[in-house]
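What follows is the residue order along each chain.
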Amino acid sequence: DGGITQSPKYLFRKEGQNVTLSCEQNLNHDAMYWYRQDPGQGLRLIYYSQIVNDFQKGDIAEGYSVSREKKESFPLTVTSAQKNPTAFYLCASRNGGGVETQYFGPGTRLLVL
Amino acid sequence: KQEVTQIPAALSVPEGENLVLNCSFTDSAIYNLQWFRQDPGKGLTSLLLIQSSQREQTSGRLNASLDKSSGRSTLYIAASQPGDSATYLCAVRPSGNTGKLIFGQGTTLQVKP
């Protein structure tokens, strides 16, 4: 089955700790995206990557970092500099031809202990 | 700066009613507009995508329209069912190559049996 997987489903972070959220896709898509969703709100773009070894900041990149070493993988690190990390994090990938659309993973909920 | 607004924020209807969800955007320079469904604690499922050159798209009981000049889109749901209960998100893809989406806050729909 083709799709996007995110792990873990729930993640707990202690004060001062960096945590990494995993996103993997087997759709052979070049472009991948990370969004943050707060309760009762829409999604906001954190980072995106249109090709391996290249990525760009989105609207709320402060306190986050990413890497794109493989086409299939786009991990997101929430650093200790992110003071309000509690949110639902969604990863997406986009097909490159025909009708371009984004496909979303199931999400990771990050909570602060 | 593109902004997307959805009205109403929440809606409760009895089963069988036809209903309309509204989405407005401030910049008409868009590549496409997409409607998503989100169940509680889950990722997003794409419902309909309308290219900037199109006026509407239909899928089963769903019909989405787009009026770029007025910056509006509507999602029409016919003969609503309890299984339609979810949050519906509207997202605009601005013109350009990044492929990023700008989301509205969503409309949470409850269909009562």
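The rules behind the values
- Residues numbered from 1 in each chain as written.
- Chains lettered and ligands numbered in written order.
- Predicted model: local features only at pLDDT ≥ 70, side-chain atom pairs only at ≥ 80, totals over all residues.
- Heavy atoms only, no water.
- Contact = heavy atoms within 4.5 Å.
- Buried area = accessible area lost by both parts, 1.4 Å probe.
- Salt bridge = Lys/Arg side-chain N within 4 Å of Asp/Glu carboxyl O.
- Helix = DSSP H or I, 4+ residues; strand = E, 2+ residues; numbered from the N terminus.
- Nonpolar A, V, L, I, M, F, W, Y, C, P; charged D, E, K, R; others polar.
- Buried < 20%, exposed > 50% of the residue type's maximum accessible area, 1.4 Å probe, protein only.

S.K.: Would you mind going over the interface of chain A and chain B with me for this structure?
M.R.: Often, the extent of an interface is quoted as the loss of accessible area on bringing the components together. With 22 residues of chain A at the contact, the number on the chain B side is 22 residues. Taking both partners together, chain A and chain B bury about 1600 Å²; carbon and sulfur atoms supply 49% of that area. On the chain A side of the contact with chain B, Leu43, Glu100 and Phe104 of chain A bury the most area, a combined 26% of that side's loss. The interface formed by chain A and chain B contains two salt bridges. A salt bridge links Glu100 of chain A to Arg93 of chain B; the nearest nitrogen and oxygen atoms lie 2.6 Å apart. Secondary structure elements with two or more residues in the side of chain A that touches chain B: β4 (31–37), β5 (43–51), β9 (87–94) and β10 (102–104) of chain A. Per-element accounting of the side of chain A that touches chain B gives the leading share, four residues, to β5 of chain A. Among the residues making up the side of chain A that touches chain B, the classes are represented as ten nonpolar, eight polar and four charged.

S.K.: Hey, could you run me through the environment of Ala92 of chain A in this one?
M.R.: All names here are of chain A. Along the polypeptide, Ala92 turns up in strand β9. Judged by its relative accessible area of 0%, Ala92 falls in the buried class. Expressed as a C-alpha distance, the spacing of Ala92 and Glu62, which sit 30 residues apart in the sequence, is 20 Å. Those residues in contact with Ala92 that lie beyond four places of it in its chain are Ile4, Ala31, Met32, Tyr33, Tyr35, Gln102, Tyr103 and Phe104.

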